[in-house]
Amino acid sequence: MGSIGLLASDELDRRSLTLLAAEAGHAAWASATLPDAVEALRERGPKAVVVVDGPGQDAAAAVREVLRAAPLIPVVVALKRRDANRAVALLRLGAAEVVAPPWSRETLRAVLAKALRCQGTAFSVVYAPPRRVWPFYLLAVAVFFAAAFGVLALQRRERLAREALLVKSFWDLPYKHPAGLAFDGRSLWVADWFSQSLYEHAPEDISIRRIVHFTDQTPISVAFAMDAIWSATAAGRIVRHMRDRQLSAVQSYPDAAPHTAGFAYDGLYVWTSDPARRLLVKRLTDAELSPVASSRYPGGAPQALAYASGSLWSLDSVNRELVRHNLERPDEPTGRVALPEYSGGGYKPMGLAWDGTRFWTVAERIPQGSGPARLFRHADLSTMAMRR
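Criteria and cut-off values
Residues numbered from 1 in each chain as written. Predicted model: local features only at pLDDT ≥ 70, side-chain atom pairs only at ≥ 80, totals over all residues. Heavy atoms only, no water. 1 Å grid on protein atoms, 1.4 Å probe; cavity = no way out; pocket = protein on both sides within 12 Å on 5 of 7 lines; lining within 4 Å. Points joined across faces, edges and corners; volume = space filled by probe spheres on them. Helix = DSSP H or I, 4+ residues; strand = E, 2+ residues; numbered from the N terminus. Nonpolar A, V, L, I, M, F, W, Y, C, P; charged D, E, K, R; others polar. Contact = heavy atoms within 4.5 Å. Buried < 20%, exposed > 50% of the residue type's maximum accessible area, 1.4 Å probe, protein only. Pairing = 2+ DSSP bridges. Axes fitted to C-alpha atoms, helices over the stretch in contact; angles between N-to-C directions.

Attention shifts here to empty space enclosed by the protein. Tallying each qualifying case throughout the model produces two cavities of 30 Å³ or more. Considered as a void within the structure, the largest cavity measures approximately 50 Å³ in volume. Around the largest cavity sit 13 residues that line it, and Leu181, Ser221, Val222, Ala261 and Ala304 are the ones nearest its centre. Those elements that place two or more of their residues in the lining of the largest cavity are strand S7 (178-183), strand S11 (219-225), strand S15 (262-265), strand S19 (302-308) and strand S23 (347-354). Estimated volume of the second largest cavity: approximately 30 Å³. In this structure, the second largest cavity is lined by Leu17, Ala78, Val99, Trp103, Ser104, Thr107 and Leu108. Looking at the lining of the second largest cavity, its residues break down into five nonpolar, two polar and no charged.

Here it is in structure tokens:
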């Protein structure tokens, strides 16, 4: 046990972590800004430093500055929201450990104990009087540094691997019949056909924010476009809703797109998919959603659509992959991304959404209704292996 430094721009975070550190047996002194923390670090000489990553405080900059001032001190980063890519990036910068929310006394005690066990060893160089033996001392010091850095590099690689395995990337949902998925810039929305409802989920922890029940339709797809929310129904209608509390229906297109399972908007045209007939249809945004062109789907079945990073993407529920399409010739794929989350065959992908950084999919258990639906958060698009 010993004193630790704490850097957090938010007063509530400082109070919370100071209390948790005290309960874990550590005396903590807190700083609100990075310069104050670095100054206190030099004056107080803590055993470790805890940095909160969030609005008002960039943990990456803090890790670099703290390690510049005290290269061997362990730095623990406390995330305010779960983010695997962020955690890995901070570990690569030199953070000893990364703590995901929610914070607890047990978690903080464990990571601090581990960080302090790995704390760098102090050393001194003793110069021997005889000048003829100085090469041996230099060799010994060089071997010491090589061994120390080798151990630290190995420990860091092991931490990165553990972090990647421990970060949660899927959640079981409290319903069994998902049929569509969308992201509105703040929340994830899942359509469940059996309960005739849309479920609004917080992307941070997938908690349910709202449930909207439709009494007169069975939603099998959901999308956000043109300042409205759109749903496709099992009866073959497409319905445009206001984005109010009740998602009030303002227009219905009864015969516009029968058998629609996917819906996306590219900023100019509406795209729908028909998995039964393996078709992609481009439509005008007029009063009838008039079709402009239809294309044969270059895959198994286009279960869902999303417009992401300037391209139209489809979810192939047969081949368990994402397909990127040429907007001018949708039947010509420009890339494919396998979804290893579905390699076990226990789930069928049903919905696709893009949150601006990564894809999400929702799946039903196979056989249908045999278990809870599952929501998957996939890797960042820049790290996903794509093939033509």
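Picking up where we left off.
Okay, the environment of Ala249 next. One can find Ala249 in strand S14 (residues 249-253). On a C-alpha basis, the gap between Ala249 and Ala228 in space is 9.9 Å, while along the polypeptide they are 21 residues apart. What Ala249 contacts, discounting residues up to four positions off in sequence, is Val239, Arg240 and His241.

Our next topic: the pairing of strand S17 (residues 279-283). Summarising burial for S17: five of the five residues are buried, a large majority. Burial along S17 is two-sided: the residues Leu279, Val281 and Arg283 and Leu280 and Lys282 are all buried. Where strand S16 (residues 270-274) lies against S17, five bridges are found, and the strand directions are antiparallel. Within the sheet, the bridge partner assigned to Thr272 lies in S17 and is Val281. Connecting the antiparallel pair S16 and S17 is a turn made up of four residues, with Arg278 showing a positive phi of about 55°. Where S17 and strand S18 (residues 291-296) come together, five bridges link them in antiparallel fashion. What sits directly across from Leu279, in S18, is Arg296.

Our focus in this paragraph is the sheet that holds strand S6 (residues 170-172). Taken in spatial order, the four strands of this open sheet run S6-S25-S24-S23, and their pairing is antiparallel. The open sheet has two free edges, formed respectively by S6 and S23, since each of these has just one partner strand. Strand after strand, the sheet turns through a mean of 20° between neighbouring axes, direction not considered. In this structure, S6 lies alongside strand S25 (residues 374-380), joined through three bridges in antiparallel fashion. Within S25, the position partnered with Phe170 by the bridge is Phe376.

Limitation: the analysis is restricted to geometry and does not speak to function.
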